Amino acid sequence: MATSERDTRGYSVLDADGHVELGPEHPGFADPDYRARRDEVAGLSIGWRPGMPVPRVAYTAAEDQVWATVWTELAPLLHHNAARCILDGMPRLALPEHRVPQLDEVSAALRPLTGFAYGVVPGLAELREFYGALADGLFLSTQYLRHPSVPLYTPEPDVIHEVVGHGLSLAVPELAELCRAMGRATRRVTEPKALEALSRIFWFSVEFGCVWEHGELRTYGAGILSSFGELSSFTHAEVCPIDLAAMATHRYDITRYQPLLFAGRSLTEVVDVVGGCFEEADDDHLLALVGASL
Ligand SMILES: [Fe+2]
């Protein structure tokens, strides 16, 4: 698992032989069957390129059960904590409740809504590749499931995070456009510090963003929408108004619940301020925004 704070994807890494590397803290570290399955699933997407068919995974009954368990726990929490735009999009995406959906199924539902589709990566996606693909309406995703011993926990983004978290958000036209703008910004910048600033703003918006709705904190962030723990606790975080300079420079820890969140007064404010930043962003703009903080 990538542990660098600079890597907001947090994905597992493949070693030189194509095996998935898991750290000793991973719930599946000492489970040879799980590790073999991770290698098998990762192997399906090695060599995939945009334009190629997305490989299908023959998910096992045990993997479908993990999905069903997580969905059963998340659904009521989503109802009470997801932003209105997310709840409005849920029936349009119509994710299955009892089995892991194939990515091409989810893409077929997303395309008529926002034009987005899923691509696949076997593990670590390089930041510039991952964010840049968003400009083309392409979301690069992994396909593996978390370890079944702890279905409500994963130390890395699995297909549940990719589909429940990002799928629900990519079904919302305003949020899909936010991601496209992030992709275009990524392709404009060349300075590593500028990409880091973009990445942190993405983290505090697309991954962990919130909005106030009728005096209640709601979330549109994929990292919260897909996490039982985050959904259960995010309202206890310190919540700040949207502040691009603070978002671009605040250090975060991907391994714990987020103690600081940024909330828009509305989705419109998120689109105007964060989306506006992504639309204007270039090296000069972003380096001026972060000053000497990064
Ligand atoms: Fe994510």
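Now for a quick tour of the structure. (Residues numbered from 1 in each chain as written. Predicted model: local features only at pLDDT ≥ 70, side-chain atom pairs only at ≥ 80, totals over all residues. Heavy atoms only, no water.)

**As for the overall build of the protein**
For step 1, the next point in the chain: On a plain count of helices and strands, the protein comes out with 13 helices and eight strands.
For step 2, the next point in the chain: A compact globule built from 294 residues would reach a C-alpha radius of gyration of about 19 Å, and the protein, at 18 Å, matches this within 12%.
For step 3, the next point in the chain: Projected onto the principal axes, the alpha-carbon positions of the protein cover approximately 50 × 40 × 35 Å.
For step 4, the next point in the chain: Classification of the 294 residues of the protein by burial places 57% in the buried group.
For step 5, the next point in the chain: Sequence separation of at least 24 residues holds for 66% of the intrachain contacts in the protein that already meet a minimum separation of 6. (Helix = DSSP H or I, 4+ residues; strand = E, 2+ residues; numbered from the N terminus. Rg over C-alpha atoms; globule rule 2.2 N^0.38 Å. Buried < 20%, exposed > 50% of the residue type's maximum accessible area, 1.4 Å probe, protein only. Contact = heavy atoms within 4.5 Å.)

**Considering the packing of helix 5 (residues 127-134) against helix 7 (residues 173-188)**
For step 1, the next point in the chain: At a minimum axis distance of 6 Å, the contact between helix 5 and helix 7 shows a crossing angle of 130°. The pairing of helix 5 with helix 7 is recorded here as oblique in orientation. Helix 7 is crossed by helix 5, and the crossing has left-handed handedness. Contacts between helix 5 and helix 7 involve Arg128, Tyr131, Gly132, Ala133 and Leu134 on the former and, on the latter, Cys179, Arg180, Met182, Gly183, Thr186 and Arg187. (Axes fitted to C-alpha atoms, helices over the stretch in contact; angles between N-to-C directions. Parallel < 35°, antiparallel > 145°, perpendicular 65-115°, else oblique. Left-handed = near helix turned anticlockwise from the far one by under 90°.)

**Here's the deal with the coordination of the iron ion**
For step 1, the next point in the chain: Within the protein, the atoms that donate to the iron ion are His161 (NE2), His166 (NE2), Glu207 (OE) and Glu207 (OE), at distances of 2.1 to 2.7 Å.
For step 2, the next point in the chain: In this structure, the iron ion is surrounded by four donor atoms whose angles at the metal cover 53 to 146°, and the resulting shape is irregular.
For step 3, the next point in the chain: Mapped onto the sequence, the donors of the iron ion take the spacing H-x4-H-x40-E. Neither histidine 161 nor histidine 166 differs from the other in exposure class; each is buried. (Donors = N, O, S within 2.8 Å, 3.2 Å for Na, K, Ca; no water. Tetrahedral: all angles 85-135°; square planar, octahedral: opposite > 155°, others 65-115°.)

**Brief notes about the pattern of salt bridges**
For step 1, the next point in the chain: Enumeration over the complete set of coordinates arrives at 13 salt bridges.
For step 2, the next point in the chain: Arginine 56 is the salt-bridge partner of aspartate 104, the closest N and O atoms lying 3.1 Å from each other. Taken together, the residues span a long stretch of sequence, with aspartate 104 in helix 4 (residues 103-114) and arginine 56 in the loop between helix 1 (32-45) and helix 2 (61-81) at a distance of 48 residues.
For step 3, the next point in the chain: By relative accessible area, which is 30% here, aspartate 104 ends up partly exposed.
For step 4, the next point in the chain: Linking glutamate 279 and arginine 184 is a salt bridge whose minimum nitrogen-to-oxygen distance equals 2.7 Å. Of this pair, glutamate 279 sits in helix 12 (residues 267-280) while arginine 184 is found in helix 7, placing the two residues 95 residues apart along the sequence. (Salt bridge = Lys/Arg side-chain N within 4 Å of Asp/Glu carboxyl O.)

**What to know about a negative patch on the surface**
For step 1, the next point in the chain: There is a patch of like negative charges on the surface, built from Glu191, Glu280, Asp282 and Asp284.
For step 2, the next point in the chain: Within the fold, glutamate 191 resides in the loop between helix 7 and helix 8 (192-207). (Patch = residues over 30% accessible without salt bridge, like charges linked within 9 Å, V, L, I, M, F, W, Y side chains within 5 Å. Areas by Shrake-Rupley, 256 points an atom, 1.4 Å probe, with all protein chains shown as cover. Lys, Arg positive; Asp, Glu negative; His and termini not counted. Charge placed at Lys NZ, Arg CZ, Asp CG, Glu CD.)

**Some remarks on the sheet that holds strand 6 (residues 216-219)**
For step 1, the next point in the chain: Spatially, 6-5-8-7 is the arrangement adopted by the four strands of the open sheet, whose pairing is mixed. Pairing within the sheet leaves two strands with one partner each, and these edge strands are strand 6 and strand 7 (238-241). For this sheet, the mean angle separating the axes of adjacent strands, direction not counted, is 45°.
For step 2, the next point in the chain: Pairing of strand 5 (residues 210-213) with strand 8 (residues 260-264), which is carried by two bridges, proceeds in the parallel orientation. Residue pairing for strand 8: valine 211 is matched across the bridge by glycine 264. (Pairing = 2+ DSSP bridges.)

**Considering the side chain of glutamate 63**
For step 1, the next point in the chain: Tracing the chain through its elements places glutamate 63 in helix 2.
For step 2, the next point in the chain: Classification of glutamate 63 as buried rests on a relative accessible area of 11%.
For step 3, the next point in the chain: Ignoring any residue separated from it by four or fewer positions in sequence, one finds glutamate 63 in contact with Arg37, Ala58, Val100 and Leu145.

**Things to note about the packing of aromatic side chains**
For step 1, the next point in the chain: Tallied over the entire structure, the rule returns nine aromatic pairs.
For step 2, the next point in the chain: Between tryptophan 203 and phenylalanine 208, the ring centres sit 4.7 Å apart and the planes meet at 40°, which makes this aromatic pair tilted. Of the two residues examined, tryptophan 203 and phenylalanine 208, each falls in the buried class.
For step 3, the next point in the chain: Measuring from centroid to centroid gives 4.2 Å for tryptophan 203 and tyrosine 252, while their planes differ by 5°, and the two rings are stacked. With tryptophan 203 in helix 8 and tyrosine 252 in the loop between helix 11 (244-249) and strand 8, this residue pair connects regions lying 49 residues apart in the sequence.
For step 4, the next point in the chain: Exposure remark for tryptophan 203: the relative accessible area of 5% places this residue in the buried category.
For step 5, the next point in the chain: By relative accessible area, tyrosine 252 is classed as buried at 6%. (Phe/Tyr/Trp six-rings, centres within 6.5 Å; stacked < 30°, edge-to-face > 60°.)

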